[in-house]
Amino acid sequence: MRYTELTKKELQREYTKLTRRYTDFVREPLELDMTAEDTFGKSESRRAARHFGTVLGKELSDTGAAQPAPAEDAVAALATMPGCAHRTVELCRKAGVRFDAIDHSTVLARIIPADARSDELTHAASVFAISARLAALESLQSVLCS
């Protein structure tokens, strides 16, 4: 279900559903910083990075809200809908997970902390994806309302 193909009513329904999930993230923030640059050169495990990417892929599949993007200096990157990167980062921070927006449509996870557990990575990836989806829906709704 690509968001750009939904009706105004369907967008609102999806936004309400995602807001409920996001509210749960905000109630119990994770407090995970994924913005630090890795001075040791990709010290995170490849398995952890793959796990993070898999969760992102599942959460974002076919929505059009964002898609994984290549990034040389990051563990994971999202190419958001144009203009949604900073809102995505803002939503993530409210839920306790810190990412970097490097321009109007790119969000980076620069490092996976060495002490991050699998369940924390799943949670962080879900926060990342849900925030991107909410930002996209907000953007689309504002276009439809104007």
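Anything mentioned here points back to the structure above.
Residues numbered from 1 in each chain as written. Predicted model: local features only at pLDDT ≥ 70, side-chain atom pairs only at ≥ 80, totals over all residues. Heavy atoms only, no water.

(A) Local environment of the packing of helix 3 (residues 85-94) against helix 4 (residues 118-145). For the pair helix 3 and helix 4, the least separation of the axes is 8 Å and the interaxial angle reads 130 degrees. Considered as vectors, helix 3 and helix 4 are oriented oblique to each other. Classified by chirality, the crossing of helix 4 by helix 3 is right-handed. Along the contact surface, helix 3 presents Arg87, Thr88, Leu91 and Cys92, while helix 4 presents Val127, Phe128, Ser131, Ala132, Leu134, Ala135 and Glu138. The residue makeup of the contact of helix 3 with helix 4, split by class, is 7 nonpolar, 2 polar and 2 charged. (Axes fitted to C-alpha atoms, helices over the stretch in contact; angles between N-to-C directions. Helix = DSSP H or I, 4+ residues; strand = E, 2+ residues; numbered from the N terminus. Parallel < 35°, antiparallel > 145°, perpendicular 65-115°, else oblique. Left-handed = near helix turned anticlockwise from the far one by under 90°. Contact = heavy atoms within 4.5 Å. Nonpolar A, V, L, I, M, F, W, Y, C, P; charged D, E, K, R; others polar.)

(B) Spatial organisation of the side chain of Ser131. Secondary-structure assignment places Ser131 in helix 4. Sequence-distant contacts of Ser131, defined by excluding residues within four places in its chain, comprise Tyr22, Thr88, Leu91 and Cys92.

(C) The arrangement of unusual backbone geometry in detail. Positive phi is not limited to glycine here, since Glu31 has a value of about 60 degrees. Assessed through its relative accessible area of 62%, Glu31 is described here as exposed. The backbone of Asp62 shows a phi angle near 60 degrees, a positive value even though the residue is not glycine. Residue position: Asp62 is located in the loop between helix 2 (46-60) and strand 2 (66-68). (Buried < 20%, exposed > 50% of the residue type's maximum accessible area, 1.4 Å probe, protein only.)

(D) Examining the pairing of strand 5 (residues 100-103) more closely. Relative to strand 6 (residues 106-109), strand 5 runs antiparallel, the two sharing 3 bridges. Residue pairing in the sheet places Asp103 in a bridge with Thr106 of strand 6. Counted between consecutive antiparallel strands, the loop separating strand 5 from strand 6 contains 2 residues. (Pairing = 2+ DSSP bridges.)

(E) Region of interest: the sheet that holds strand 5. Within the open sheet, the 4 strands sit side by side as 2-3-6-5. Their pairing is antiparallel. Lying at the two open borders of the sheet, with one neighbouring strand each, are strand 2 and strand 5. On average, each strand axis in the sheet is tilted by 30 degrees relative to the strand beside it, whichever way the strands run. Two elements, strand 3 (residues 76-80) and strand 6, share 4 bridges in a ladder whose sense is antiparallel. By the bridge assignment for strand 6, Ala79 is matched with Thr106. Where helix 3 meets the sheet, its contacts fall on strand 3, strand 5 and strand 6, and the angle it forms with strand 5 comes to roughly 170 degrees.

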